[in-house]
Amino acid sequence: MAMRQILGTYGMHPDRRKYRDPEYSDKEVEGMMNYFRLETYDKLLSLLKGIGIRQLE
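Structure report, in brief. Being a predicted model, the structure only gives us computed values, none of them experimental.

1. Some details on the nonpolar core
Core analysis: the biggest nonpolar cluster contains nine residues, these being Y19, Y24, V29, M32, M33, Y41, L44, L45 and L48. Counting only elements with at least two residues in this core, the list comes to α2 (26–35) and α3 (41–50). At four residues, the largest contribution of residues to this core is made by α3. Once residues lying within four places of it in the same chain are set aside, the contact partners of L45 are D21 and R54.

Listed below in structure tokens is the structure:
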């Protein structure tokens, strides 16, 4: 957790974030999308909700 805070958005202005994910940095989001071979951020969110990482809204 501490490493994520150190590497996550260090030096980035909050307005320049692409995905504005509350938990992961843009680099982490893109890494997960590449790993799972997902084309969109919405599909990643659906996957995370489906496996119980995120709360259903």
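After that view, the rundown keeps rolling.
2. Considering α3
Those residues of α3 not exposed but buried are Y41, L44, L45 and L48. Down the axis, α3 shows its buried residues gathered within 100° of arc, on one side only. Away from its buried face, by an angle of more than 90 degrees, α3 presents the exposed residues D42 and G50. Buried residues belonging to α3 abut α2. Looking one or two residues past α3, G52 carries a phi angle of roughly 90°, positive in sign.

Conventions used here
- Residues numbered from 1 in each chain as written.
- Predicted model: local features only at pLDDT ≥ 70, side-chain atom pairs only at ≥ 80, totals over all residues.
- Heavy atoms only, no water.
- Core = buried A, V, L, I, M, F, W, Y, C linked by side-chain atoms within 4.5 Å.
- Buried < 20%, exposed > 50% of the residue type's maximum accessible area, 1.4 Å probe, protein only.
- Helix = DSSP H or I, 4+ residues; strand = E, 2+ residues; numbered from the N terminus.
- Contact = heavy atoms within 4.5 Å.
- Arc of directions from axis to C-beta.

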